[in-house]
Amino acid sequence: MPENRLLFYNVDMKAKNIKEAGFRDAVLMDNEKIRVVISSEKGMVPELSMSSGAGRLNAHWQPWFRANSGEVWNESKHASFWGAPLLYDLAGNFPCLPNFGPDNRAGDFDLPPHGHTARLKWKQEVPVIEGDQVSLISTLDPPDHPFTYRKKDLLLKNHPVHYTALTVKNTGDTPLPFNCGWHNTVGAPFLEAGCLIDNNAVRFAVPGEGTEFDPTGRLAFGAEADSMDRMPARNGSVVNMREVTGVTGYADFVTGAVPSDCSLAWSSLVNPRLKGVYLTFFTGPEALGDSEIPLYFYDYWLNYGGRSYTPWATENGLTDQTFCLGTENGTGRFANGLSDCLKNPSLLGHPTYLTLDGGEEKTLYYGTLFASYEGNGLNRGIASAETGKGIIRLTGLDGESTEYPCDTDFTLLGR
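First, a word on what this report is: a plain description of the structure on this page. Just so we're clear, the structure is a prediction, and the values are computed from it rather than from any experiment.

Rules used throughout
Residues numbered from 1 in each chain as written. Predicted model: local features only at pLDDT ≥ 70, side-chain atom pairs only at ≥ 80, totals over all residues. Heavy atoms only, no water. Helix = DSSP H or I, 4+ residues; strand = E, 2+ residues; numbered from the N terminus. Rg over C-alpha atoms; globule rule 2.2 N^0.38 Å. Buried < 20%, exposed > 50% of the residue type's maximum accessible area, 1.4 Å probe, protein only. Contact = heavy atoms within 4.5 Å. Pairing = 2+ DSSP bridges. Phe/Tyr/Trp six-rings, centres within 6.5 Å; stacked < 30°, edge-to-face > 60°. Lys NZ or Arg CZ within 6 Å of the ring centre and 35° of its normal. Axes fitted to C-alpha atoms, helices over the stretch in contact; angles between N-to-C directions. Core = buried A, V, L, I, M, F, W, Y, C linked by side-chain atoms within 4.5 Å. Salt bridge = Lys/Arg side-chain N within 4 Å of Asp/Glu carboxyl O. Polar contact = N/O pair within 3.5 Å; in protein donor to acceptor, adjacent residues only side chain to side chain.

Description of the overall build of the protein
Part 1 of the argument: When you go through the protein residue by residue, the secondary structure sums to three helices and 34 strands.
Part 2 of the argument: The C-alpha radius of gyration of the protein comes to 20 Å, within 12% of the 22 Å expected for a compact globule of 415 residues.
Part 3 of the argument: Seen through its principal axes, the protein has C-alpha atoms that stretch 60 × 50 × 45 Å.
Part 4 of the argument: Per-residue burial for the protein yields a buried fraction of 58% across its 415 residues.
Part 5 of the argument: Intrachain contacts of the protein at a sequence separation of at least 6 include 62% that bridge at least 24 residues.

Structure representation (structure tokens):
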């Protein structure tokens, strides 16, 4: 085994330092239910997989244009095609702070696309296996912003869930605004036409004019609806955005408001052909503690081949070769960035940005479940997600339920 590779395991749990695609330093964690790969580069999670036949099924998006040369980002060499370092290393899931959206200037700070957490390399400690848990601590200390970050990733025996606690501290003396998000992005082969999107939101909105979706979207500018399967389109028709259609030549964005009275916030994607469910969850506004970071929106980036420019296409004007679905969750105004949120402090009844006082720290608790199900109970999608003692119960539209081991209260993450 190479000198800098560490492998720890017991009967059910495994943690391993690896080089993932592009020779990036990463940690692999496995509990036999799911496997997660966490890259030190920008905190990307290129793999969240489960067993499938003799192989594995990865839910996370692997962009065809993700750089795999092993070269460090070089502005003069790479910017003309990739545009930004984020797209050079983009994959799967990653945290976005203190900016959720494009690069912008907020106050005294120039913020990169999706923040420093998605721009810099994280310092990963040695993963630890202790009893029925495997965990990884990662830290980030940006040189040009007073926020520091500590992230704990956790797998539990028999739980098909990747748990994360992200603690943010303002090391400065003055309050600072921020917005944030978890940028889960699902791709093929798990993502395909016929997959179904669900959540517990009852209010949905589409960005107005003036965003990156102006030339790519089919949905009416600034439209609002009470269901994703009845979204107004620019041509006057009504479009079902709940069902994944496959490649349509459009890229759209839809946000749903997390209900203020819910204790468990959740967003799901079901593949009825493969009988698999990908579900993100976090503490809802009703149950938040004073030291916790809230997420107020379910954000869906529906990129079904609508971007005919690099790096999505091999050359500007050619065909977009990407097909992916961002099942993101955040606090922000769509994905417009912090400066836009400061100008527009509310959306669908929720704040679009948060503030961290000088010396204050808060934590965001977050879970991503990826699992198979038996029978046909979830084939038409998910009507509700409920907590039980040590489980999460997913109930389909026909009333049939499936239960999974799950710590929805995040007690084992220290909440």
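On we go from here.
Observations concerning the pairing of strand 5 (residues 47–52)
Part 1 of the argument: Pairing of strand 4 (residues 35–39) with strand 5, which is carried by three bridges, proceeds in the antiparallel orientation. Along strand 5, the bridge assignment pairs valine 36 with leucine 48.

Focus on the packing of aromatic side chains
Where two aromatic rings form a pair, the distance of their centres and the angle of their planes describe that pair.
Part 1 of the argument: Across all of its chains, the model carries 24 aromatic pairs by this definition.
Part 2 of the argument: The interplanar angle of 50° and the centroid separation of 5.7 Å between the aromatic rings of tyrosine 304 and phenylalanine 323 together place this pair among those described as tilted. Placement of tyrosine 304 in strand 26 (residues 297–304) and of phenylalanine 323 in the loop between strand 26 and strand 27 (324–331) is noted, with a sequence separation of 19 residues between them. In terms of burial, tyrosine 304 and phenylalanine 323 fall into one category: buried.
Part 3 of the argument: Here the aromatic residues Trp61, Trp64, Phe65, Trp73, Phe81, Trp82, Tyr88, Trp301 and Trp312 are joined through ring pairs into a cluster of three or more.
Part 4 of the argument: Directly above the ring of phenylalanine 221 sits arginine 234, whose terminal nitrogen or CZ lies 4.0 Å from the centroid.
Part 5 of the argument: Between the NZ or CZ atom of arginine 307 and the centre of the ring of tryptophan 312, over which it lies, the distance is 4.6 Å.

Quick word on the sheet that holds strand 33 (residues 391–396)
Part 1 of the argument: Read from one edge of the open sheet, three strands run 32-33-34, paired in antiparallel fashion. Each edge of the open sheet is held by one strand with a lone partner, namely strand 32 (382–388) and strand 34 (401–405). Between one strand axis and the next, the sheet turns through 20° on average, direction left out of account.
Part 2 of the argument: Strand direction decides the pairing type here: strand 33 and strand 34, joined by five bridges, are antiparallel. Note that in strand 34 the partner of arginine 393 across the bridge is glutamate 403.

Re the nonpolar core
Part 1 of the argument: Of all hydrophobic cores here, the largest spans 91 residues; its most connected members are Leu90, Val244 and Leu269.
Part 2 of the argument: In contact with leucine 269, not counting residues within four places along its chain, are Val186, Phe190, Leu191, Cys195, Leu196, Ile197, Val244, Gly276, Val277, Tyr278 and Leu325.
Part 3 of the argument: Formed by 24 residues, the second largest nonpolar core is a distinct cluster that contains Leu154, Leu264, Tyr373 and Leu378.

Description of the pattern of salt bridges
Part 1 of the argument: Under the defined criterion, the tally for this structure stands at 22 salt bridges.
Part 2 of the argument: Its salt-bridge partner being glutamate 41, residue lysine 42 comes within 3.0 Å of it at the nearest N-O pair. Of the two residues, lysine 42 and glutamate 41, neither departs from the other in class, the shared state being buried.
Part 3 of the argument: Aspartate 398 is the partner of arginine 380 in a salt bridge, and the nearest nitrogen-oxygen pair spans 2.5 Å. Linking arginine 380 in the loop between strand 31 (361–372) and strand 32 with aspartate 398 in the loop between strand 33 and strand 34, this pair joins segments that are 18 residues apart in sequence.
Part 4 of the argument: A relative accessible area of 44% places arginine 380 in the partly exposed class.
Part 5 of the argument: On the basis of relative accessibility, which here comes to 53%, the residue aspartate 398 falls in the exposed class.
Part 6 of the argument: One network of salt bridges, with partners in common, ties together Arg24, Glu41, Lys42 and Asp89.

Let's talk about the pairing of strand 13 (residues 147–156)
Part 1 of the argument: Taking burial as the measure, the 10 residues of strand 13 include eight buried ones, the bulk of the element.
Part 2 of the argument: Judged from the eight bridges that link them, strand 12 (residues 133–140) and strand 13 form a sheet pairing that is antiparallel. Paired with serine 135 across the bridge in strand 13 is leucine 154.
Part 3 of the argument: Both strand 13 and strand 14 (residues 161–170) contribute to a ladder of eight bridges, which runs antiparallel. Within strand 14, the residue paired with phenylalanine 147 across the bridge is asparagine 170.
Part 4 of the argument: Between the end of strand 13 and the start of strand 14, which pair antiparallel, lie four residues, with asparagine 158 showing a positive phi angle near 70°.

Section: unusual backbone geometry
Part 1 of the argument: Of note, the amide linkage connecting leucine 97 to proline 98 takes the cis form, showing an omega dihedral of -5°.
Part 2 of the argument: If you trace the backbone, proline 98 turns up in the loop between strand 7 (95–96) and strand 8 (104–106).
Part 3 of the argument: In this chain, alanine 188 is followed by proline 189 through a cis amide linkage whose omega measures 10°.
Part 4 of the argument: With respect to the element layout, proline 189 can be found in the loop between strand 17 (185–187) and strand 18 (196–199).
Part 5 of the argument: Notably, phenylalanine 23 is not glycine yet its phi reads approximately 60°, a positive angle.
Part 6 of the argument: In this fold, phenylalanine 23 is placed in the loop between strand 2 (14–20) and strand 3 (24–30).

Focus on the environment of leucine 219
Part 1 of the argument: Mapped onto the elements, leucine 219 comes out in the loop between strand 19 (204–205) and strand 20 (224–225).
Part 2 of the argument: Note on leucine 219: relative accessible area 1%, which makes it buried.
Part 3 of the argument: As for leucine 219 and asparagine 303, which are separated by 84 residues in sequence, their C-alpha atoms are 13 Å apart.

With respect to the side chain of threonine 368
Part 1 of the argument: Tracing the backbone through its elements, the reader meets threonine 368 in strand 31.
Part 2 of the argument: Judged by its relative accessible area of 2%, threonine 368 is buried.
Part 3 of the argument: Side chain to side chain, threonine 368 and asparagine 184 meet in a polar contact 3.3 Å long.
Part 4 of the argument: Setting aside residues up to four positions removed in sequence, threonine 368 forms contacts with Leu48, Asn93, Pro160, Val161, His162, Asn184, Tyr278, Leu279, Thr280 and Phe281.

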